[in-house]
Amino acid sequence: GEDVEQSLFLSVREGDSSVINCTYTDSSSTYLYWYKQEPGAGLQLLTYIFSNMDMKQDQRLTVLLNKKDKHLSLRIADTQTGDSAIYFCAERSGYSTLTFGKGTMLLVSP
Amino acid sequence: EAGVVQSPRYKIIEKKQPVAFWCNPISGHNTLYWYRQNLGQGPELLIRYENEEAVDDSQLPKDRFSAERLKGVDSTLKIQPAELGDSAVYLCASSRTTGGWDEQFFGPGTRLTVL
């Protein structure tokens, strides 16, 4: 079945860039997503990329997709303390079914 | 626009007891999802509704879990009887249309603790 892997933890200092990485196994993935989850809250969609794209930029967020290696990354520029949260990578290949990774906890220190 | 509403936010029960969770999706959203998120894991789909119809319940443990979405709006997820391993956060999500790739909007979840 599909599998999505992420590193579990990332710590950065405020103002630095953060890069969160994700690998997936399903070569038929059509959309790849990044969600943010703050404590006690549901998941919030940050951005997504279609599988025929290499890069997508949205303000401080840059998504890079290497389809050959099945590798997805999320770069957050000028990371702020409010960016501290758990970030989930997810892929969609089937009809409306999302497969999530285990999440990467991002800790931003002042 | 109000988001996805779930209640209760927290529930603590003893094993073998029944429990029910309620979800009110965003107004006008036809597709509703129930996910389970175990500690340290990503959400896993339990069941997906398109209007009143459960179109994907392949991951729902049907011996103890049941769900309904009467009138195609609110939904209830029930566990009877609950087991220790059911402790998790139960997330409800909704999306606007059926048969599409619309964004899923998530509620805050119900955190269930089974003692």
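As shown above, the structure is provided for reference.
Definitions and limits used
- Numbers given for residues are sequential positions, taken from 1 along each chain in its written order.
- Chain letters start at A and ligand numbers start at 1, both assigned in the order the entries are written.
- For a predicted model such as this one, the threshold for reporting local features is a pLDDT of at least 70, and the threshold for listing and counting side-chain atom pairs is 80 or more; totals across whole chains, interfaces and linings nevertheless cover every residue.
- To get the side-chain values, take all heavy atoms of the structure and skip hydrogens and water.
- Criterion used throughout: strands pair if DSSP finds at least two bridges between them.
- Counting from the N terminus, the helices are the DSSP runs of H or I reaching at least four residues and the strands are the DSSP runs of E reaching at least two.
- Between N-to-C directions, angles span 0 to 180 degrees; the directions come from axes that are lines fitted to C-alpha atoms, helices contributing only their stretch in contact.
- A pair of sulfur atoms, both from cysteines and within 2.5 Å, is called a disulfide here.

Enquirer: I'm lost on the pairing of strand S6 (residues 55-58) of chain A in this one. Help?
Expert: The two faces of the sheet receive side chains in turn, since in a regular strand these alternate between them. Residues and elements named next belong to chain A. Pairing geometry for S6 and strand S7 (residues 61-66), over four bridges, is antiparallel. Of the residues in S7, the one forming a bridge with methionine 55 is leucine 64. In this structure, the hairpin formed by S6 and S7 is closed by a connection of two residues, where glutamine 59 is found at a positive phi of approximately 55°.

Enquirer: Help me out: how do you make sense of the sheet that holds strand S1 (residues 5-7) of chain B in this one?
Expert: Residue and element names in this part refer to chain B. The strand order across the open sheet formed by four strands is S1-S3-S8-S7, and the pairing between neighbours is antiparallel. Among the strands making up the open sheet, the edge pair consists of S1 and strand S7 (65-68). Between one strand and the next, the sheet's axes are offset by a mean angle of 15°, whatever the strand orientation. The sheet contact formed by S1 and strand S3 (residues 19-24) spans three bridges and is antiparallel. Its bridge partner being in S3, serine 7 is matched across the sheet by tryptophan 22.

Enquirer: Help me understand the state of the cysteines, please; the structure alone is not making it clear to me.
Expert: Cysteine pairs can be covalently joined through their sulfur atoms, and such a bond is termed a disulfide. Residue and element names in this part refer to chain B. Taken as a whole, this structure holds two disulfides over all chains when the rule is applied. With a sulfur-sulfur separation of 1.9 Å, cysteine 23 is cross-linked through a disulfide to cysteine 92. Across the S-S bond of cysteine 23 and cysteine 92 the torsion is about -70°, and the bridge reads as left-handed. Remark: cysteine 92 occurs in strand S9 (residues 88-95) and cysteine 23 occurs in strand S3; sequence separation between them is 69 residues.

Enquirer: Teacher, can you tell me more about the environment of Ala2(B) here?
Expert: Its place among the elements puts Ala2(B) in the segment before S1. The spatial distance from the C-alpha of Ala2(B) to the C-alpha of Ile26(B) is 6.5 Å, given a sequence separation of 24 residues.

Enquirer: Help me understand the sheet that holds S7(A) in this model?
Expert: Residues and elements named next belong to chain A. With antiparallel pairing, the five strands of this open sheet are ordered in space as S1-S3-S8-S7-S6. Of all the strands in the sheet, the pair left with one neighbour each is strand S1 (4-6) and S6. Going across the sheet, the axis of each strand differs from the next one's by a mean of 15°, ignoring polarity. Here three bridges tie S1 to strand S3 (residues 18-24), and the two strands are oriented antiparallel to one another.

Any functional reading would require information beyond the geometric quantities listed.
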